[in-house]
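So you can see what is in the structure, the chains are spelled out below.
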Amino acid sequence: MTVDVAQRADTAGDRVDHHRPRPWSIVWRLTARSWLNLVRIPAATIPMVIMPLFFTVAFAGAFSALVLIPGYPTDNILSWMGPFAALQGAAFTGLGASFALGRDIEGGFYDRLLLSPASRLSIAGANVFFVLFRTVIPVAIVLLIGAIGGMDIPAGILAAVMLLLGAWGVAAIAALWGMGVTYRIQKQSAGGLVQVGVFIAMFLSIGMMPVDLMQGWLPHVAKYNPMTYIMELARQGFIGEVAWESTWPGLVSIACGVTFFAIFAWRMFQRVTP
Amino acid sequence: MSVDDSLETSAEHVHTATPPLLVQTAALSTRAIRGFFRQPQLWIPGIVFPLLLAAVNSSSLSRASLIPGFPPDTSYLQFLVVSVIVQGVMFGAIASGNELTTDIQNGFFERLLSAPVSRPAILFGRIAGGWVFAAFQALLFVGILWPFGGTVRGGIPGVAVLVVMAVFLATAIGGLAAGLGARTGEPEAVQGFFPLVFIFLFMSSAFFPTALMSGWYGTIAENNPLTWMIDGARYQVIVGFDLTEAAKALGISGVLALLGLWFATTQVRRRWRVAA
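Read on for a plain summary of the structure. Position labels on residues start from 1 in each chain and follow its written sequence. Throughout, the order in which chains and ligands are written sets their labels, letters from A for the former and numbers from 1 for the latter. At least 70 in pLDDT is required for a residue's local features to be given in this predicted model, at least 80 for side-chain atom pairs to be given and counted, and no such filter applies to totals for whole chains, interfaces and linings, which use all residues. Side-chain numbers here rest on the full set of heavy atoms in the structure, without hydrogens or water.

Digging into the overall build of chain A
What counts, and what does not: Helical segments are the DSSP runs of H or I of at least four residues, strand segments are the runs of E of at least two, and each set is numbered from the N terminus. Throughout this description, buried means an accessible area under 20% of the type-specific maximum (1.4 Å probe, protein chains only), exposed means over 50%, and partly exposed covers the range between. Any two residues whose heavy atoms approach within 4.5 Å at even a single point are treated as in contact. Residue exposure ignores everything except the shown protein chains as possible cover, and the areas themselves are Shrake-Rupley values with a 1.4 Å probe.
Regarding its fold elements, chain A presents 12 helices and 0 strands. Burial analysis of chain A (274 residues in total) assigns 50% to the buried set. A fraction of 79% describes how many contacts in chain A between residues 6 or more apart in sequence connect residues 24 or more apart. As displayed, chain A offers around 12,900 Å² of accessible surface, 68% of which is attributable to carbon and sulfur atoms.

Here it is as structure tokens:
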């Protein structure tokens, strides 16, 4: 009889193992839940739509005369500011992951998730996966405003592909940084600190002006800021043709940024896992 | 002595013991200022963010001063001095006004209502806390930006105009924030109001001359009251002290302050009625 009990226990263990959900199905279901939250929590969704719209209109409107500066790379301000606004929108989307995570931690949902037999990597990865989906929205909004406002797109569809690639990179980096900080602080209020980090990186780059036209201390910082190269990658098709020399530094910056912040987020995640 | 007599005497005693409105307002303002400065998360953004943006923008957009139509003999940093003050005051006044919401949430507001405190003092005490911070911010920003080229050509009278404008603007924004807080009782609602204010600021001459803006955006910016206020104050910085321009800056900010106070008063009165 004792053998039977042991055997039964083994069989039950096998069954549990057999029924453990696959990592992709966890990612998929958590992504679906995030989509639902997107609809159910307008306070979190509205900034994602409004901010790229506002950034594009405000930057292009307020600084439209910058194209008159000798040496400015384009005579169409929307072509310069549009991609900057799209990347800012993508950064906002990435930050949304940290707000959502903070909400789940404070509400106790995350604890319940950690008690489930789901793989830890899927739980953490679902946030980033959803961000990649969501990033399409600010990019589409900027392209739409650009099309209405008369944005030049010399590289055509390739310009949009490069913009999306850059936006995915920024969103993933912002999300991983935000998740790391939120795992550490365990509160929604971590969002404030996360925002500061992202926006400092954005503004210390070639967002509004090319490095050659900057003066003072900023060009020295912008030259070494990885965000400058991601911006170049995303913007190149709107001010000229897509070229490998403008693409690879951006790809390397994204790869390094994602790797660095993924390690940071994972280490912070391990602090909250029981 | 009858019971009635003794009651009257004690009522008179209580009445004489209640300090005058000004003293109550001063006491509540002191509490508001102390409470504000004890929470660095409330006042640090109002100092750091505008200075950081000024440092970045003055380096990034310095060549904008070469564009024909940009105010002559003016560096971009000098052009930004007023917008740094306005941004800082907006950050600070929203945080300061939002403290009324915190008072409502933690029950201090209700306790004040049950105490023999003059009701206007409750509101003015809170808003007056914002005045001190706004004046401090204006002087601090002028002091920090001056050595880097953000000179105020209007000298002491010019600086005085900037300080008074900052105080009026703090009253306007602080009043709006306090009114919203009194209406909703939710700090998130007050925080959510900040992007709207920022959009209003962006669609003005705060960051670029309206003469260099084109199309409908330029039209909105030119007709934005904030543009009139900022241009009047900017005149003191980039040209020199001028009474007409000063009156424009102070007049617009004064009207905004009155509107802010009116909104805050009506909303706080409404809450008093609800509490009663």
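Here the narrative resumes, following the displayed structure.
Some details on empty space enclosed by the protein
Residue and element names in this part refer to chain B. Counted only if it meets this: Using a 1 Å grid laid over the protein atoms alone, points where a 1.4 Å probe fits but cannot get out form a cavity; open sets with protein on both sides within 12 Å along at least 5 of 7 lines form a pocket; any residue with an atom within 4 Å of a point counts as lining. Grid points are joined across faces, edges and corners, and a volume is the space filled by probe spheres set on the points.
If you walk through the whole model with that rule in mind, you get 4 cavities of 30 Å³ or more. There is about 80 Å³ of room inside the largest cavity. Taken together, Leu28, Arg31, Ala32, Asp103, Phe108, Phe109, Leu112, Ile122, Gly125 and Arg126 make up the full set of residues lining the largest cavity. Looking at the lining of the largest cavity, the elements with two or more residues in it are α2 (21-37), α5 (108-114) and α6 (119-145).

Focus on the nonpolar core
One recurring pattern in soluble globular proteins: nonpolar side chains tend to sit buried together. What counts here: Throughout, nonpolar core names a set of buried Ala, Val, Leu, Ile, Met, Phe, Trp, Tyr and Cys residues whose side chains join them through atoms within 4.5 Å.
Phe63, Leu66 and Met81 of chain A together with Tyr76, Ile85, Phe202 and Phe208 of chain B are the most contacted members of the largest nonpolar core, which totals 125 residues. For this core, the element with the highest residue contribution is helix α4 (residues 76-106) of chain B, accounting for 14 residues. Not counting residues within four places of it along the chain, the set of residues in contact with methionine 81 of chain A comprises Phe59, Ala60, Phe63, Leu66, Tyr72, Gly207 and Met208 of chain A. Leu101, Ala118, Ile123 and Met179 of chain A belong to the second-largest nonpolar core, a separate cluster that totals 20 residues.

So, the pattern of salt bridges
All names here are of chain B. Cut-off, in case you're wondering: Salt bridge, as applied in this entry: a Lys or Arg side-chain nitrogen positioned within 4 Å of an Asp or Glu carboxyl oxygen.
Under the definition given, this model contains 2 salt bridges over all chains. Among the salt bridges present, the one from aspartate 231 reaches arginine 234, with a minimum N-O distance of 3.8 Å. Taken together, the positions of aspartate 231 and arginine 234, both in helix α11 (residues 225-238) and 3 residues apart, correspond to about one turn of that helix.

Description of the environment of leucine 28 of chain B
Residues and elements named next belong to chain B. Among the secondary structure elements, leucine 28 is positioned in helix α2. By relative accessible area, leucine 28 is classed as buried at 14%. Sequence separation of leucine 28 and glycine 129 is 101 residues, and the distance between their C-alpha atoms is 8.4 Å. Every residue in contact with leucine 28, bar those within four places of it in the chain, is listed here: Leu112, Val117, Ala121, Ile122 and Gly125.

Describing the interface of chain B and chain A
Inclusion rule: Two parts placed together each lose some accessible area under a 1.4 Å probe, and adding up what both lose gives the buried area. Nitrogen and oxygen atoms within 3.5 Å of one another constitute a polar contact, given that in protein one can donate a hydrogen and the other can accept it, and given that sequence-neighbouring residues count only through two side-chain atoms. As a working rule, the residues Ala, Val, Leu, Ile, Met, Phe, Trp, Tyr, Cys and Pro are called nonpolar, Asp, Glu, Lys and Arg charged, and the rest polar, with Gly in that last group.
Across the contact, 25 residues belong to chain B and 26 residues belong to chain A. Here chain B and chain A share an interface that buries about 2,200 Å² over both sides, 75% of which is from carbon and sulfur atoms. It is Ser59, Arg63 and Phe202 of chain B that lose the most area in chain B upon contact with chain A, and together they represent 26% of the buried surface on that side. At the boundary of chain B with chain A, the tally comes to 0 salt bridges. At the boundary of chain B and chain A, one finds 4 residue pairs in polar contact (both at pLDDT 80 or more). Those elements giving two or more residues to the side of chain B that touches chain A turn out to be α3 (40-60), α9 (194-202) and α10 (215-222) of chain B. For the side of chain B that touches chain A, the element with the most residues is α3 of chain B, which contributes 8 residues. Residues belonging to the side of chain B that touches chain A are distributed by class as follows: 19 nonpolar, 5 polar and 1 charged.

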